[in-house]
2 protein chains.
Amino acid sequence: MSQTEGPVHEDATTEPPAGRVRIEVGELCVPMEEVHLTTGERLRLYDTAGPQGFTADQGLPKRRADWIAARAGDPVPTQLWYARQGRITEEMRFIAIREGVTPEFVRDEVARGRAVIPANIKHPELEPMIIGRNFLVKVNANIGNSAVHSSLEEEVDKLRWSVRWGADTVMDLSTGNRINETREAILRSAPVPIGTVPIYQALERVKGQVEKLDIELFLDVLAEQAEQGVDYFTIHAGVRLHHVPMTAKRVTGIVSRGGSIMAKWCLSHHKESFLYTNFDRICDLMRKYDVTFSLGDGLRPGCIADANDEAQFAELHTLGELTKIAWERDCQVMIEGPGHVPLHLIQENMDEQLKHCHEAPFYTLGPLITDFCPGYDHIASAMGAVLIGSMGCAMLCYVTPKEHLGLPDREDVKQGLMAYKIAAHGADLAKGHPGAQDRDNLLSQARFDFRWEDQFNLALDPAVAREYHDATLPAPAAKSAHFCSMCGPRFCSMEITQQLREMASEMGKDAERVADAGMAEKSQEFKEKGSVIYTS
Amino acid sequence: MSQTEGPVHEDATTEPPAGRVRIEVGELCVPMEEVHLTTGERLRLYDTAGPQGFTADQGLPKRRADWIAARAGDPVPTQLWYARQGRITEEMRFIAIREGVTPEFVRDEVARGRAVIPANIKHPELEPMIIGRNFLVKVNANIGNSAVHSSLEEEVDKLRWSVRWGADTVMDLSTGNRINETREAILRSAPVPIGTVPIYQALERVKGQVEKLDIELFLDVLAEQAEQGVDYFTIHAGVRLHHVPMTAKRVTGIVSRGGSIMAKWCLSHHKESFLYTNFDRICDLMRKYDVTFSLGDGLRPGCIADANDEAQFAELHTLGELTKIAWERDCQVMIEGPGHVPLHLIQENMDEQLKHCHEAPFYTLGPLITDFCPGYDHIASAMGAVLIGSMGCAMLCYVTPKEHLGLPDREDVKQGLMAYKIAAHGADLAKGHPGAQDRDNLLSQARFDFRWEDQFNLALDPAVAREYHDATLPAPAAKSAHFCSMCGPRFCSMEITQQLREMASEMGKDAERVADAGMAEKSQEFKEKGSVIYTS
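All values derive from a computational prediction rather than experimental measurement.

Rules used in this analysis
Residues numbered from 1 in each chain as written. Chains lettered and ligands numbered in written order. Predicted model: local features only at pLDDT ≥ 70, side-chain atom pairs only at ≥ 80, totals over all residues. Heavy atoms only, no water. Helix = DSSP H or I, 4+ residues; strand = E, 2+ residues; numbered from the N terminus. Buried < 20%, exposed > 50% of the residue type's maximum accessible area, 1.4 Å probe, protein only. Contact = heavy atoms within 4.5 Å. Areas by Shrake-Rupley, 256 points an atom, 1.4 Å probe, with all protein chains shown as cover. Phe/Tyr/Trp six-rings, centres within 6.5 Å; stacked < 30°, edge-to-face > 60°. Lys NZ or Arg CZ within 6 Å of the ring centre and 35° of its normal. Least-squares fit on C-alpha atoms with pLDDT ≥ 70 in both. Core = buried A, V, L, I, M, F, W, Y, C linked by side-chain atoms within 4.5 Å. 1 Å grid on protein atoms, 1.4 Å probe; cavity = no way out; pocket = protein on both sides within 12 Å on 5 of 7 lines; lining within 4 Å. Points joined across faces, edges and corners; volume = space filled by probe spheres on them. Nonpolar A, V, L, I, M, F, W, Y, C, P; charged D, E, K, R; others polar. Salt bridge = Lys/Arg side-chain N within 4 Å of Asp/Glu carboxyl O. Polar contact = N/O pair within 3.5 Å; in protein donor to acceptor, adjacent residues only side chain to side chain. Axes fitted to C-alpha atoms, helices over the stretch in contact; angles between N-to-C directions. Parallel < 35°, antiparallel > 145°, perpendicular 65-115°, else oblique. Left-handed = near helix turned anticlockwise from the far one by under 90°. Expected span 1.5 Å × (residues − 1). Pairing = 2+ DSSP bridges.

Structural notes on the overall build of chain A
Inference 1: On a plain count of helices and strands, chain A comes out with 21 helices and 13 strands.
Inference 2: Residue burial in chain A is summarised as follows: out of 536 residues, 67% are buried.
Inference 3: Restricting to contacts in chain A with at least 6 residues of sequence separation, those with at least 24 account for 72%.
Inference 4: Surface exposure of chain A reaches about 17100 Å², of which carbon and sulfur atoms provide 51%.

This is how it looks when you write it as structure tokens:
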């Protein structure tokens, strides 16, 4: 992002909007935002932004340090191992409060492999979260200095900017200079799980010569990153030698960077992938830190024409096979998915993933439902994302408007996150997630009651909602007006409906008189406040 | 829109982007845009923008005048009547070329009532189009001076701006002054069907006193608007007296303006709706001009909590009943739909509409899949739109970012249309519409071949695609670079894939040498062009 961005131009530190306060819930101090409505009602919102007011130098408080220390003597530190032992960790209790479920339910879902808690024991700053289809749908944002230069402060700012807009996890895709220092700074300031794609750093080590990659080098990179506290690794161990020819007739070949690297390695050596043949060693390393596998979809389709093809599903079957190996070794696993898939082929993706990957959580990039709108791919992909989310996909990797074109700037990151928070919430509603609809109901009730401030405060993006409203009706009186600028008072259906209800309740007295008086009164009231926006 | 907009600040007249040309196809001169690729390939795109270079005073050429005049002696002028007679009109032949189907197929779908051709015989400037689920999914944009003042030129500019961004039909929702002159100016400059909601003007005539509305007044308004050439009328004849109590327990009551007006009328008089009881007279008037019915969903849900409720479906059943009456009188009919519907309840909307409205085309507003994101409702609603479009909804009424908040400006109109063109195209792909995927395939092939100019020219919005690319790689040489700024050359999966393919074809010779030489060569080539964006 650094190239277009220049210096940090807006403070990523977030204060909740007026009408919302930050609270901490329970003895585990689970962070939430609470919306205080003018009716006295309150609504608690899931909060990803993390503790505020800490510099990149300081890092965040280490809230997990004691939890982790107390478990130091256990043979395996993974959440999956604890869950299988029937032990409920602090992380699980924390998550139960966030999600509004019981700790036992969290444990059970983790034990079955149907949910993961990416939580490296070297990342004590983490506020634990869960990824699984029986929980709230999550959103990932990608950051990273893929170009020449970026300061540590800039990268930490990108992280904060992402979590401020609701990113549940953040992937650091940095490939530039000072990669270790940057990652260290990010992790120490990250309240959310951080994911990486270690093959990028491995390739840097061999100066871009793919053929020179090997398992020892790769394990070294994994160990370094795990030691820093990375919570999940994308590992493209599903790209096997015999899959590569399956991509030969594709329109866009292999579009995953990691996938193309591994395919080239396999073909160069005409050997099976070293990630595949050494998968047990990778598991052993990741188990030691409880780094979660995000099994990469190196052969995901890069265009509509290539969706759901032989190569894609062959790799998916391999990922299912690897899932079992990782589970045997008490490692947590999620499965990455496409990519570019037209709407009618999305269901098959979810079905095949559930079937062949044994219900391990699915984590998809979009999918984009068309290729024809570069510049608007956050929208095209959020359409696929909401649908696959409603079908059970557990986490959605965002796409920004700059996808396929260039490096996202801060506004692109925000726009990508807004589209994906809508997709995630839309999927939660469709799945009937308990409580998800409370926010919609409260906002709609506020809309019907013309409580504009409550509408703004309940909104996904209160500042934008307020700004758009004020663009046409800036007067303070308009905030209590019984209409808005769209229709004016005469055509406001909600106002008419309210009159209707009065009429209905007065029926039998003198309905017409009451309704007319009501209209005139409202109209007079508004004129007295000095705002006239409508003349007949 | 006028309040925030001020004078026209950008010319809505559109020249195709470089790499695209306007052409006319066949003896009927069907307008299309043709993309000329650097490979010599060409792709024809559906074009809604209409003839260019005419002022609001001049109006557009009257391309249908002779067609209509030649049919003057026929007893019924509606496309449905002709279709039932087995007659293929010029409008049907024009549409067949636009849609890439046979004229006989167009006739057949119209005859079955499964598609409509909104084409008032008093609107000779129209370029005929069709709305039906076996054709391309269409998009409607709303314009109109709902506020105090707006010049004719401004309204015509809004129309042009909408069709420039792909609006297939435009609804003029004006309620302000000079309403007739404004509508006249719009119609004379409209290459697309124009729809209106005549109850708004009727209510103006009685100075907002709902109770004073009656059928004679309403028919007068219809006659005036039909005489001007309006192609379809939204008529809320499905809101019946006994439906009104069904809305009493809703969170947001009645959110359709027309619906709330009619509900108030019914309750005020405690009588059945005059639109319902006089529906045959309305049909007789509309048949005379071939104005298409858009049977309004006056009881559509205004929030997630109210979706798919008793009131909504009761009205839908009435609309089905009215459809049969209109068809008996040779009137064309489409059915309006919601509104606010969570993802999992969308299918039921489509199923019920098909079942109870006898396959008359469905025309929905969104639906919005959540209420929680005012300011981003174009995205939340486009998600519902693409899904219901893929299920068979024939036309999608756009929603702008200002929905629920204020008056859309030009940028809002554009953003709404972009989101909805994506939804419509995504639905076409999902339905397997013949040829729809050609554009995606050509764009993706261009992407894989690093033909950046072809990508831009094929894109939904070429200017934005080019601008986003150039934000990070402005140098002309970058337009032929074998990578972009996102990953840089080393991590470009597409470049690696192309190397892979070379390797595969060279296998047996000296694969490694070839691949290495290939990489070095590309790298050298790029450096020679003076652009270095990546250093390891």
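A few points about the packing of aromatic side chains
Inference 1: Tallied over the full model, the rule gives 18 aromatic pairs over all chains.
Inference 2: Consider the rings of F105 of chain A and F135 of chain A, whose centres lie 5.5 Å apart with planes at 50 degrees: the pair is tilted. Residue F105 of chain A is found in helix α5 (residues 103–111), and its partner F135 of chain A is found in the loop between β5 (131–132) and β6 (138–143); the two are separated by 30 residues along the sequence.
Inference 3: Consider the rings of W452 of chain B and F456 of chain B, whose centres lie 6.3 Å apart with planes at 40 degrees: the pair is tilted. In this pair, W452 of chain B and F456 of chain B both sit in helix α18 (residues 452–458), four residues apart, roughly one turn of the helix.
Inference 4: Site record: aromatic cluster; members linked through ring pairs are F218, W265 and F274 of chain A.
Inference 5: Across from the ring centre of Y82 of chain A, 5.2 Å away, lies the NZ or CZ of R71 of chain A, which sits over that ring.
Inference 6: Between the NZ or CZ atom of K402 of chain A and the centre of the ring of Y468 of chain B, over which it lies, the distance is 5.1 Å.

Observations regarding the relation of the copies chain B and chain A
Inference 1: Expressed as a screw transformation, the operator carrying chain B onto chain A has a rotation angle of 180 degrees and an axial translation of 0.0 Å, and the superposed copies differ by an RMSD of 0.0 Å. Classification of the inter-copy transformation places it as that of a two-fold axis. Within chain B, the C-alpha atom positioned nearest to the axis of rotation is that of M383 of chain B, 2.5 Å from it.
Inference 2: With an isologous cut-off of 70% or more, the 100% of interface residues of chain B that recur at the interface of chain A puts this contact in the isologous class.

Let's talk about the nonpolar core
Inference 1: Of all hydrophobic cores here, the largest spans 276 residues; its most connected members are L213 and F293 of chain A together with L213 and F293 of chain B.
Inference 2: If sequence neighbours within four positions are ignored, L213 of chain A has contacts with I199, A202, L203, V206, I261, W265 and F274 of chain A.

Quick look at the layout of surface pockets
All names here are of chain A.
Inference 1: Here the second largest pocket defines a volume of roughly 970 Å³.
Inference 2: Lining the second largest pocket are 44 residues, with L45, Y46, D47, K421 and R439 sitting closest to its centre.
Inference 3: If one sorts the elements of the lining of the second largest pocket by residue count, helix α16 (residues 410–431) sits on top with five residues.
Inference 4: Its residues assigned to classes, the lining of the second largest pocket shows 21 nonpolar, seven polar and 16 charged.

Focus: the interface of chain B and chain A
Inference 1: Between chain B and chain A, the contact holds 111 residues from the first and 113 residues from the second.
Inference 2: There are zero salt bridges connecting chain B and chain A.
Inference 3: Where chain B meets chain A, there are 23 residue pairs in polar contact (both at pLDDT 80 or more).
Inference 4: The leading source of residues in the side of chain B that touches chain A is helix α16 (residues 410–431) of chain B, at 11 residues.
Inference 5: Of the residues assigned to the side of chain B that touches chain A, the class counts are 57 nonpolar, 34 polar and 20 charged.

Side note on the environment of V156 of chain A
All names here are of chain A.
Inference 1: Residue placement: V156 occurs in helix α6 (residues 152–164).
Inference 2: For V156, a relative accessible area of 1% corresponds to the buried category.
Inference 3: Remark: the alpha-carbon pair of V156 and K479, spanning 323 residues in sequence, is separated by 38 Å.
Inference 4: Residues in contact with V156, not counting those within four places in the same chain, are A56, A185, I186 and S189.

Digging into the packing of helix α6 (residues 152–164) of chain B against helix α7 (residues 179–188) of chain B
Residues and elements named next belong to chain B.
Inference 1: Close contact between α6 and α7 brings their axes to 9 Å; oriented N to C, the two are set at 40 degrees. By the angle class used here, α6 and α7 are oblique. In terms of crossing hand, the pair formed by α6 and α7 is right-handed. Contact residues: L152, E155, V156 and L159 in α6; E181, T182, A185 and I186 in α7.
Inference 2: Its residues assigned to classes, the contact of α6 with α7 shows five nonpolar, one polar and two charged.

Some points on α16 of chain A
Residues and elements named next belong to chain A.
Inference 1: Between its terminal C-alpha atoms α16 stretches 31 Å, which fits the 32 Å expected from 22 residues at 1.5 Å a residue.
Inference 2: Most of α16 is tucked away: 20 of the 22 residues are buried.
Inference 3: For α16, the N-terminal capping position is held by D409, with its side-chain oxygen 3.1 Å away from the main-chain nitrogen of E411.
Inference 4: Two residues or fewer after α16 comes G432, characterised by a positive phi angle close to 70 degrees.

Examining the sheet that holds strand β7 (residues 169–172) of chain A
Residue and element names in this part refer to chain A.
Inference 1: One closed barrel holds the eight strands; their spatial order is β6-β7-β8-β9-β10-β11-β12-β13, and the pairing between them is parallel. For this sheet the average axis-to-axis angle between neighbouring strands, irrespective of direction, equals 25 degrees.
Inference 2: Both strand β12 (residues 362–365) and strand β13 (residues 395–397) contribute to a ladder of three bridges, which runs parallel. Note on β13: the bridge partner recorded for T364 is L396.
Inference 3: Across the sheet, helix α7 (residues 179–188) lies against β6, β7 and β8 (194–196), angled at about 155 degrees from β8, the strand it touches most.

Things to note about the sheet that holds strand β2 (residues 30–36) of chain A
Residue and element names in this part refer to chain A.
Inference 1: Pairing within the open sheet is antiparallel, and its three strands lie in the order β1-β2-β3. Strands with a single pairing partner mark the edges of an open sheet, and in this sheet they are β1 (20–25) and β3 (42–46). Going across the sheet, the axis of each strand differs from the next one's by a mean of 35 degrees, ignoring polarity.
Inference 2: By the bridge criterion, six bridges tie β1 to β2 in an arrangement that is antiparallel. The partner of E24 across the bridge, within β2, is P31.

Observations regarding the pairing of strand β9 (residues 232–235) of chain A
Residue and element names in this part refer to chain A.
Inference 1: The alternating pattern of β9 places Y232 and T234 on one face and F233 and I235 on the opposite face, and all of these are buried.
Inference 2: Here β8 pairs with β9 via two bridges, running parallel. In the strand pairing of β9, G195 is matched with Y232.
Inference 3: Of the pairings in the sheet, the one linking β9 to strand β10 (residues 292–295) comprises four bridges and is parallel in character. When the sheet's bridge partners are listed, F233 is paired in β10 with F293.

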